[in-house]
There are 2 protein chains.
Amino acid sequence: MINNYELYKVFYWAAKTGSLTQAAKALYLTQPSVSHAIKQLEDSFGLTLFYRNSKGVELTQEGTILYSYIEQSQILITMAEEKMAALKNLDSGELRIGGSDSLFKHYLLPYLEDFHKKHPSIKLHLNHGTTPEVIAFLKEGRIDLGVVRMPIVDSQLEVRESFQLQDCFVAGAQYTELKNMVLTLDMLMEYPVILFSRNSRARMAITEIFQSYGYTLKPEIEVGSVDLLIEFARRGLGISYVTREFVSKELEEGSLFEIQLDVPLPPSQVGIMTMRNMPLTSAARRFIELAQ
Amino acid sequence: MINNYELYKVFYWAAKTGSLTQAAKALYLTQPSVSHAIKQLEDSFGLTLFYRNSKGVELTQEGTILYSYIEQSQILITMAEEKMAALKNLDSGELRIGGSDSLFKHYLLPYLEDFHKKHPSIKLHLNHGTTPEVIAFLKEGRIDLGVVRMPIVDSQLEVRESFQLQDCFVAGAQYTELKNMVLTLDMLMEYPVILFSRNSRARMAITEIFQSYGYTLKPEIEVGSVDLLIEFARRGLGISYVTREFVSKELEEGSLFEIQLDVPLPPSQVGIMTMRNMPLTSAARRFIELAQ
DNA sequence: CAGGAGCTATAGACCACGTCTATGATCAAC
DNA sequence: GTTGATCATAGACGTGGTCTATAGCTCCTG
């Protein structure tokens with residue numbers, strides 16, 4: 001019917017201000033333009049929308065009916081524009097991050113706090129899961145970004161290196177004799193080793209390292225959380241393979257110490273994953289910026 | 001913010017159909033135009049609204065939020081356009097008529113019925129009042145048109161002559177002796193005359209006529225409704241001055257007869273009044289068309 | 001009553017911008 | 001590899017929305 005919705009904006013302001021001249025000012029147009037626009041509307045409806053008098057204009061019965069619809073419509077558009085501006089300014093919106101519980105707890109927390117302080121109106125949604133689960137979340141569009149250990153090889157994903165973590169073996173008071181020694185892998189395997197459950201990325205990594213030296217690493221105990229890994233080591237149940245940064249408190253206070261090995265353990269990189277060629281929300285872009 | 005609301009229409013269709021190509025078809029545009037429009041929106045918000053893939057497009061988080069507003073807005077506009085079309089086609093709307101009760105009851109009824117049959121969806125509002133009241137209603141915008149006796153002299157009003165009425169004196173069985181006589185005003189004044197209340201237009205008219213012949217007409221009885229005027233005459237309380245068309249039933253059945261005078265009583269014209277230079281609703285225009 | 005200050009309507013010119021065609025790039029399916 | 005979708009880009013075109021200038025009207029004021 002009407003092939004130019006701009007006319008409704010003009011109509012809205014004309015009706016609202018009761019004056020074509022005022023409407024023109026509000027819209028940064030000239031009065032004849034507004035006059036012309038209203039005429040177009042009236043012609044295409046075949047109805048008169050305004051009474052014109054020397055003081056301005058007034059809605060006719062039919063104009064009043066039109067206004068009741070258009071007013072709502074214009075208000076919605078205004079709200080939409082305000083909302084978009086808020087999203088842009090990070091005054092609104094949400095950020096959905098996927099990652100492992102331990103990464104959230106031990107490492108991402110300061111970044112999350114920082115982000116939340118800077119942009120308190122953005123709702124944070126944290127979804128924990130294993131690396132494959134996080135990748136699946138990403139592909140399903142359920143999270144905006146995932147934080148996992150590298151390497152990730154998936155052509156659909158774009159991975160930014162964020163920070164390095166160093167895994168290491170730690171033990172508690174029971175094994176004080178090892179404190180100032182440099183162990184060979186041979187020696188290490190004499191002790192009971194505690195590892196994270198089979199499907200974890202860190203577990204696979206260390207198993208491969210041992211294999212590359214010709215050893216098969218078999219854990220005495222397998223646990224399902226980083227907290228248990230730490231707790232078991234503290235109680236002297238064995239030597240745990242953990243991320244050094246996750247036990248920094250225990251290392252400082254001396255309840256755990258790091259076993260020195262004669263071979264280097266390669267550091268593991270944590271990466272922030274996003275979908276390749278998919279636009280990011282403002283919030284996601286901002287978070288990545290802060291986390292790098 | 002956005003200085004072209006057309007873009008929202010394009011966005012709406014793109015989001016609704018999930019395809020720029022489909023949106024282009026729906027809007028009778030080419031695909032590049034739609035692509036361009038969406039880009040404009042995205043640029044001016046500084047946000048990405050759609051994920052593009054080889055199957056079409058999909059809303060981003062931010063696009064989804066925008067859509068929730070714009071969808072409502074567009075629906076309202078569509079409803080508005082449908083409503084305007086209905087008003088134009090007289091499939092909707094209202095018609096507010098002012099006039100005297102007796103005109104409504106005795107003369108306008110067939111026109112009202114006719115109009116209502118032809119346009120059953122138009123609500124009729126009938127407001128009765130004296131001629132000055134009806135004029136006031138018109139000027140206050142409370143009615144679309146008024147139906148009153150001419151002449152009306154008011155530069156703000158436009159009056160269309162509609163139909164003629166003939167006032168006359170009638171009497172009942174008590175005065176059968178006058179049935180086949182032609183009376184002079186002199187003779188008439190020997191009888192008790194029943195008139196409508198002082199402020200009525202018909203009353204003023206007949207008083208003036210008598211005065212122009214040198215007589216002062218003083219009624220025996222004054223009543224406030226046409227029905228009473230008729231009833232009193234039937235009961236033989238006097239000779240009533242009524243509009244002939246309003247007593248056509250009584251004249252036919254013989255319960256009243258018309259007094260013949262030796263001077264002509266000028267006919268009175270009924271006019272349909274509207275505000276001069278004020279646009280009429282479609283319904284009002286249509287009614288006037290039918291009533292002429 | 002003349003003159004001024006509002007208001008809206010009309011006429012005509014101009015140029016930005018929205019639309020088009022043509023083509024490229026990418027992806028999925030066969 | 002080829003075909004047939006999709007959206008993006010480039011550049012040309014022309015229309016329609018905006019402008020200036022002016023007229024017409026009503027109301028108010030000295």
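What you see is a predicted model, and the numbers here were worked out from it, not measured in a lab.

## Comments concerning the sheet that holds strand β11 (residues 239-243) of chain A
Residue and element names in this part refer to chain A. On the basis of which strands lie adjacent, the open sheet formed by 5 strands has the order β10-β9-β11-β7-β12 and mixed pairing. Strands with a single pairing partner mark the edges of an open sheet, and in this sheet they are β10 (221-223) and β12 (257-258). Sheet analysis places strand β9 (residues 193-196) next to β11, joined by 2 bridges and oriented parallel. Paired with V193 across the bridge in β11 is I239. Packed on one face of the sheet, helix α9 (residues 226-234) meets β7 (167-171), β9, β10 and β11 and runs near 170° to β9.

## Comments concerning the interface of chain B and chain A
Across the contact, 42 residues belong to chain B and 42 residues belong to chain A. Looking at the side of chain B facing chain A, the largest losses of area belong to Y5(B), Y69(B) and M84(B), adding up to 19% of the total buried there. The interface formed by chain B and chain A contains 0 salt bridges. Along the contact surface separating chain B from chain A lie 9 residue pairs in polar contact (both at pLDDT 80 or more). Looking at the side of chain B that touches chain A, the elements that each hand over two or more residues are α1 (6-17), β1 (50-53), α4 (61-88), β3 (94-99) and α11 (282-290) of chain B. A total of 18 residues in the side of chain B that touches chain A trace back to one element, the largest contributor, which is α4(B). Residues that form the side of chain B that touches chain A fall into these classes: 21 nonpolar, 11 polar and 10 charged.

## Regarding the protein's contact with DNA strand D
Inspection of the region around DNA strand D gives 20 residues, with T30(A), L20(B), T21(B), S35(B) and R52(B) positioned closest. Measuring from a phosphate oxygen of DNA strand D, one finds a backbone N or O atom of L20(B) at 2.6 Å. For the surface near DNA strand D, the elements supplying multiple residues, two or more each, are α3 (31-45) of chain A together with α2 (20-27), α3 (31-45) and β2 (56-59) of chain B. Within the surface near DNA strand D, the residues separate by chemical class into 6 nonpolar, 12 polar and 2 charged.

## Observations concerning the sheet that holds strand β14 (residues 268-275) of chain B
Residue and element names in this part refer to chain B. Ordered by their spatial adjacency, 5 strands build an open sheet running β4-β3-β5-β14-β6, and the pairing between neighbours is mixed. A strand with exactly one partner marks an edge of an open sheet, and here the two such strands are β4 (123-128) and β6 (157-165). Adjacent strand axes in the sheet meet at a mean angle of 25° when their direction is disregarded. Here β3 runs beside β4; their pairing, made up of 6 bridges, is parallel. Each residue of the ladder has a partner; that of E94, found in β4, is K123. In the packing of α11 onto the sheet, the strands contacted are β3, β5 (145-149), β6 and β14, and the crossing angle to β3 comes to about 55°.

## Quick look at the relation of the copies chain B and chain A
Once chain B has been moved 0.0 Å along the axis and rotated by 180°, it coincides with chain A to within an RMSD of 0.1 Å. Taken together, the rotation and translation describe the operation of a two-fold axis. Residues of chain B ranked by C-alpha distance from the rotation axis are headed by S73(B), positioned 2.1 Å from it. Both copies contact each other with a shared surface, as 100% of the interface residues of chain B are interface residues in chain A too.

## Here's the deal with the domain arrangement of chain A
Residues and elements named next belong to chain A. We note that the domain assignment places domain 1 (6-88), domain 2 (94-145 + 277-290) and domain 3 (167-266) within chain A. Centre-to-centre separation of domain 2 and domain 3, based on C-alpha positions: 29 Å. Listed by partner, the interface residues are 6 residues for domain 2 and 5 residues for domain 3. Contact with domain 3 buries surface across domain 2, with S102, H106 and T131 losing the most and accounting together for 62% of the total. Counting every contact that joins domain 2 to domain 3 gives 0 salt bridges. Where domain 2 touches domain 3, the interface holds 0 residue pairs in polar contact (both at pLDDT 80 or more). Counting residues per element, the side of domain 2 that touches domain 3 draws most heavily on helix α5 (residues 101-118), at 5 residues. Each residue belonging to the side of domain 2 that touches domain 3 can be placed in one class, and the counts come to 2 nonpolar, 3 polar and 1 charged.

About the cut-offs
- Residues numbered from 1 in each chain as written.
- Chains lettered and ligands numbered in written order.
- Predicted model: local features only at pLDDT ≥ 70, side-chain atom pairs only at ≥ 80, totals over all residues.
- Heavy atoms only, no water.
- Pairing = 2+ DSSP bridges.
- Helix = DSSP H or I, 4+ residues; strand = E, 2+ residues; numbered from the N terminus.
- Contact = heavy atoms within 4.5 Å.
- Axes fitted to C-alpha atoms, helices over the stretch in contact; angles between N-to-C directions.
- Buried area = accessible area lost by both parts, 1.4 Å probe.
- Salt bridge = Lys/Arg side-chain N within 4 Å of Asp/Glu carboxyl O.
- Polar contact = N/O pair within 3.5 Å; in protein donor to acceptor, adjacent residues only side chain to side chain.
- Nonpolar A, V, L, I, M, F, W, Y, C, P; charged D, E, K, R; others polar.
- Near = heavy atom within 4 Å.
- Least-squares fit on C-alpha atoms with pLDDT ≥ 70 in both.
- Domains from an automatic or database assignment.

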